[in-house]
Amino acid sequence: MDRGIVWVADREGQPGRLFLGGTIHILRQSDYPLAPGYDLAYQHSSRLIFELPPGASEAPEFQTRLMELGQYPEAENLEASVGPAIWKNLTSWAKTRSMSLAQLKRFRPWLASLVIASTEYSALGAKADRGVDQHFEERATADQKPGEGLETVEFQLQLFSQLTSKQQVEMLEQTLAEVSTLPQEYEKMISSWKEGKLDELHALLNREAEKYPELLDLFIGRRNHAWIDRLDALLKKGENAMILVGAGHLGGEPDGIIALLRQRGCRVRHISEVPDLQAKH
């Protein structure tokens, strides 16, 4: 049976539990059903906490704002910004995916990177509307279970738009480097995620990113530190909440969510190792 990436954080002798559900934002239909731990965590939670408020990424204003921030003004373009080697790789990729170079040319490197990743995942049959977050957003809405976000859409988009030119080019370079191995890496990632192998999954998710430590710190480390006070406050109030964030946020030392909660005196165990939850199940 699949173990899944579901951990439980609490303090001995105190009420309140955080169910830390590591999500994959883009999945295939064949990747369901989820490991049983996700359902168990959902059943025992009174509220859900996502990276973004429920429905935020589907709102029309999200796409509008994405284009506002992600496109160059008329006088600039992607080809002039990234240099001939990267542009050559991008041109080659666009040809294989029948993608309009004229359209790509308008995109800043970070948006081009997101478009490439989305296109490649779609080619594997993996889409955001099948992701773990979306699955539980829909379920919580149907059950009238409250849900909220740790961040806003504007904050997440500003993460990208505030990258320096160098960081944006590095992000695009990293994405292009991952294209050829993505199908194999995706299968390994899904396998590790299903089997609950957090350390293995963390290594897979960050293998390429570790070449760009500033990006890793910006997109993972700093955000984890920004979230931790809010998560700890939920525990101190005695809440039972399911926290659904990208699986890459949970593992790793010293900045992973699990490590940060342990630094604050929490015990953090895989859901299968919490006896009273198993008894109730």
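So, a few notes on the structure that sits alongside this text. Sequence order sets the numbering: in each chain, residues are counted from 1 along the sequence as written. Local features in this predicted model are restricted to residues whose pLDDT is 70 or higher, and side-chain atom pairs enter the listing and the counts only when it is 80 or higher, whereas totals over whole chains, interfaces and linings include all residues. Excluded from the side-chain calculations are hydrogens and water; all other atoms, namely the structure's heavy atoms, are used.

Note on geometry: axes are C-alpha line fits, over the in-contact stretch for helices, and angles between N-to-C directions span 0 to 180 degrees. Strands here mean DSSP runs of E at least two residues long; helices mean DSSP runs of H or I at least four residues long; both are numbered from the N terminus. Two elements in contact, helix H6 (residues 109–123) and helix H9 (residues 165–179), have axes whose closest approach is 8 Å; the angle formed by their N-to-C orientations is 20 degrees. Here H6 is positioned roughly parallel relative to H9, judged by the angle of their axes. Judged by the sense of rotation from one axis to the other, the crossing of H6 with H9 is left-handed. Facing Pro109, Trp110, Ala112, Ser113, Leu114, Ile116, Ala117 and Glu120 of H6, the residues of H9 in contact are Gln168, Val169, Met171, Leu172, Thr175, Leu176 and Val179. Gly falls in the polar group here, along with every residue not listed as nonpolar (Ala, Val, Leu, Ile, Met, Phe, Trp, Tyr, Cys, Pro) or charged (Asp, Glu, Lys, Arg). Tallied by class, residues from the contact of H6 with H9 come to 11 nonpolar, three polar and one charged. Any angle from 65 to 115 degrees is called roughly perpendicular, while one under 35 is roughly parallel, one over 145 is roughly antiparallel, and all others are oblique. We call a crossing left-handed when the near helix sits turned anticlockwise from the far one by less than a right angle, and right-handed when that turn is clockwise. Whether two residues are in contact is decided by their heavy atoms, any of which lying within 4.5 Å being enough.

Every α-helix carries 3.6 residues per turn, so stepping three or four residues along brings you back to the same face. A helix is expected to span 1.5 Å for every residue after the first. With 14 residues, helix H10 (residues 182–195) ought to run about 20 Å at 1.5 Å a step, and its terminal C-alpha atoms sit 20 Å apart, in line with that. Residues of H10 that are buried include every one of Leu182, Tyr186, Met189, Ile190, Ser192 and Trp193, and no others. Taken down its axis, H10 places every buried residue within 165 degrees of arc, on the same side. Where the residues of H10 are buried, they touch strand E2 (17–23), helix H1 (36–43), H6, helix H7 (132–143), H9 and helix H11 (198–206). Gly196 sits one or two residues past H10 and shows a positive phi near 75 degrees. The classification of residues rests on relative accessible area computed with a 1.4 Å probe and restricted to protein chains. Under 20% of the type maximum is buried, over 50% is exposed, and intermediate values are partly exposed. This arc is built from the directions going out from the helix axis to the C-beta atoms.

The next thing to look at is helix H4 (residues 84–96). Here H4 spans 19 Å end to end across 13 residues, near enough to the 18 Å set by a 1.5 Å rise per residue. Looking only at H4, the buried set comprises Ile86, Trp87, Leu90, Trp93 and Ala94. Buried residues of H4 fall within an arc of 120 degrees about the axis and therefore sit on the same side. Counted as exposed and oriented over 90 degrees from the buried face of H4: Pro84, Ala85, Lys88, Lys95 and Thr96.

The next thing to look at is the sheet that holds strand E5 (residues 240–246). Strand pairing is assigned whenever DSSP identifies at least 2 bridges connecting the two strands. Spatial strand order, E4-E3-E5-E2-E1-E6: six strands in an open sheet with mixed pairing. Two strands close off the open sheet at either side, each with one partner strand: strand E4 (147–149) and strand E6 (267–270). Averaged over all neighbouring strand pairs, the angle between strand axes comes to 25 degrees, with direction disregarded. In this structure, strand E1 (residues 6–10) lies alongside E6, joined through four bridges in antiparallel fashion. Note on E6: the bridge partner recorded for Trp7 is His270.

Before going further, it helps to examine the pattern of salt bridges. The working definition used for a salt bridge is a side-chain nitrogen of Lys or Arg within 4 Å of a carboxyl oxygen of Asp or Glu. By the definition in use, this model includes 26 salt bridges. Across the pair Asp31 and Arg28 runs a salt bridge, and its minimum N-O distance is 2.8 Å. The same class applies to Asp31 and to Arg28, which are both buried. A salt bridge links Asp232 to Lys236, with the nearest nitrogen and oxygen atoms 3.6 Å apart. Here the residue Asp232 and the residue Lys236 both occupy positions in helix H12 (residues 213–236), the gap between them amounting to four residues, near one helical turn. We classify Asp232 as buried; its relative accessible area is 3%. Residue Lys236 is classed as exposed on the basis of its relative accessible area of 61%. Bridged by salt links that share partners, the residues Asp10, Glu12, Arg17, Arg267, Arg269 and Asp276 form one connected network.

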